[in-house]
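Take a look at the letters that make up each chain.
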Amino acid sequence: AQSVTQLGSHVSVSEGALVLLRCNYSSSVPPYLFWYVQYPNQGLQLLLKYTSAATLVKGINGFEAEFKKSETSFHLTKPSAHMSDAAEYFCAVRPGYSSASKIIFGSGTRLSIRP
Amino acid sequence: DTGVSQDPRHKITKRGQNVTFRCDPISEHNRLYWYRQTLGQGPEFLTYFQNEAQLEKSRLLSDRFSAERPKGSFSTLEIQRTEQGDSAMYLCASSLIAGEGTDTQYFGPGTRLTVL
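Residues numbered from 1 in each chain as written. Chains lettered and ligands numbered in written order. Predicted model: local features only at pLDDT ≥ 70, side-chain atom pairs only at ≥ 80, totals over all residues. Heavy atoms only, no water.

A word on the sheet that holds strand S8 (residues 73-78) of chain A
Sheets are built from strands that pair by backbone hydrogen bonding, the pairs being arranged parallel or antiparallel. Residues and elements named next belong to chain A. On the basis of which strands lie adjacent, the open sheet formed by 5 strands has the order S1-S3-S8-S7-S6 and antiparallel pairing. On the outer flanks of this sheet lie strand S1 (2-7) and strand S6 (56-58), each paired with one strand and no other. Each neighbouring strand pair of the sheet contributes to a mean axis angle of 20°, computed without reference to strand direction. Pairing between S6 and strand S7 (residues 64-68): 3 bridges, direction antiparallel. Counted as the bridge partner of valine 57 is alanine 65 from S7. (Pairing = 2+ DSSP bridges. Helix = DSSP H or I, 4+ residues; strand = E, 2+ residues; numbered from the N terminus. Axes fitted to C-alpha atoms, helices over the stretch in contact; angles between N-to-C directions.)

A few points about the confidence of the model for chain B
Overall, the predicted model of chain B reaches an average pLDDT of 92, with 96% of residues at or above 70. Per-residue pLDDT, averaged within each element of chain B, yields its smallest value for strand S6 (residues 53-57) of chain B (91) and its largest for strand S3 (residues 19-24) of chain B (98). (pLDDT = per-residue confidence, 0-100.)

Remarks on the sheet that holds strand S7 (residues 65-68) of chain B
Residue and element names in this part refer to chain B. Pairing within the open sheet is antiparallel, and its 4 strands lie in the order S1-S3-S8-S7. With one partner strand each, in any of the chains shown, strand S1 (5-7) and S7 form the two edges of the open sheet. With direction set aside, neighbouring strand axes in the sheet form an average angle of 15°. Two elements, S7 and strand S8 (residues 75-79), share 4 bridges in a ladder whose sense is antiparallel. Its bridge partner being in S8, serine 66 is matched across the sheet by glutamate 78.

Structural notes on the interface of chain B and chain A
Every contact between the two is made by 24 residues of chain B and, on the other side, 23 residues of chain A. On the surface where chain B and chain A come into contact, there are 1 salt bridge. Where A:Lys102 meets B:Glu56, a salt bridge forms, and the shortest distance between an N and an O atom there is 3.6 Å. Connecting chain B to chain A are 4 residue pairs in polar contact (both at pLDDT 80 or more). When contributions to the side of chain B that touches chain A are tallied by element, the ones reaching two or more residues are strand S4 (31-37) and strand S5 (44-50) of chain B. Of all the elements, S4(B) adds the most residues to the side of chain B that touches chain A, at 4 residues. (Contact = heavy atoms within 4.5 Å. Salt bridge = Lys/Arg side-chain N within 4 Å of Asp/Glu carboxyl O. Polar contact = N/O pair within 3.5 Å; in protein donor to acceptor, adjacent residues only side chain to side chain.)

If you want it as structure tokens, here you go:
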């Protein structure tokens, strides 16, 4: 079975500061891991995904995440926050084999950016 | 590539009424998924299709819920005898299975259902 825990339902950082959103996963098989972003009243947009290739994954809008198997973590970072980064962020997991289907999402972290 | 579209974007209904939502996936995507998202939570899987076959259904999908994808293109999700607990955002996603690690799900804007 797979599960995801996002630490911190709300994170607030100053514009220009480092963004760090934490995600820990549990999976009985090698996982595929994802970060999605959701802006108000919109669907989810894929930021980046890990599919067992490079452990450091670069995504859109300057975000990246590092897969650490020993820590079962997949934290999302961005060196310098922009006001436009304010949104809800979801970490997600699914089994890493092609017959798998559903994605299991965390409960989300709301990112606020202070001017 | 016009993205995943959903209709309607908002639906307000009275308890006990039936509602139907439509999802149009990205052209040529062979998998289509339905998720439900309640306020302050992440999306929860409901069901998915590969072409026209419904391959998995969540325990969340009670007998009042039915989904179809008759020609392997668009899909509909119907809720019969709606209850206030059905109020949520219903999200559709599609993907193309074309090899290991390529199943990226692209989400539509969602249909927000409010049951009064």
